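Structural overview for review
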Amino acid sequence: MDLIQLKIKKDNSLAKYIKIIRAFDSSLSVGAIKQKIEADDFVTGFDLEYYDVMEDLNDIDRKQEFRDMTEELCKAGAQIKVYQNGELISLEVLDNRLESINRISEQTQLDIDRESGWNQE
């Protein structure tokens, strides 16, 4: 498990942040998000190793959606902290990690295609 989590510093713009977070994860209630921000707790997150075949078939990239959400929160004025397995990391480290995962995934797919005979001319 490679867990990425997010904390948001409490300020007067909680409603904006809650709307952005719920667009990423609608299973979180408004009250739960507000309570977590006020308690300086992890608000949302995801497992980098999580895989859902339906998301893959529908070209949904939860990792990119999470990164887009963090960007949108920052643009809305949120002061965020990102954690990987409980350790504070920078957005640059997160971006590097996501890029590495994407490269590995692309290379793996190329290897599978080559070994299965796909894309041979």
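How each quantity is defined
- Residues numbered from 1 in each chain as written.
- Predicted model: local features only at pLDDT ≥ 70, side-chain atom pairs only at ≥ 80, totals over all residues.
- Heavy atoms only, no water.
- Helix = DSSP H or I, 4+ residues; strand = E, 2+ residues; numbered from the N terminus.
- Buried < 20%, exposed > 50% of the residue type's maximum accessible area, 1.4 Å probe, protein only.
- Contact = heavy atoms within 4.5 Å.
- Areas by Shrake-Rupley, 256 points an atom, 1.4 Å probe, with all protein chains shown as cover.
- Expected span 1.5 Å × (residues − 1).
- Arc of directions from axis to C-beta.

So, about the overall build of the protein chain. Along the backbone of the protein chain there are 5 helices and 4 strands. Of the regular secondary structure in the protein chain, the N- to C-terminal order runs β-α-α-β-α-α-β-β-α. When the 121 residues of the protein chain are sorted by exposure, 32% land in the buried category. Long-range contacts, defined as pairs at least 24 residues apart, comprise 66% of the intrachain contacts of the protein chain with a sequence gap of at least 6. Looking at the protein chain as shown, the accessible area adds up to about 8200 Å², and 48% of this sits on carbon and sulfur atoms.

The subject of this paragraph is helix α4 (residues 62–75). Taking 1.5 Å of rise per residue, 14 residues should cover 20 Å, and α4 covers 20 Å from first to last C-alpha, within 8% of that figure. Where α4 is concerned, the buried positions are K63, F66, R67, M69, T70 and L73. Along α4, the residues classed as buried sweep out an arc of 155° about the axis, all on the same side. If you follow the buried residues of α4, they end up packed against β1 (3–8), α1 (14–24), β2 (44–47), β3 (80–84) and α5 (91–116). Once α4 ends, the next one or two residues include G77, with phi positive near 100°.

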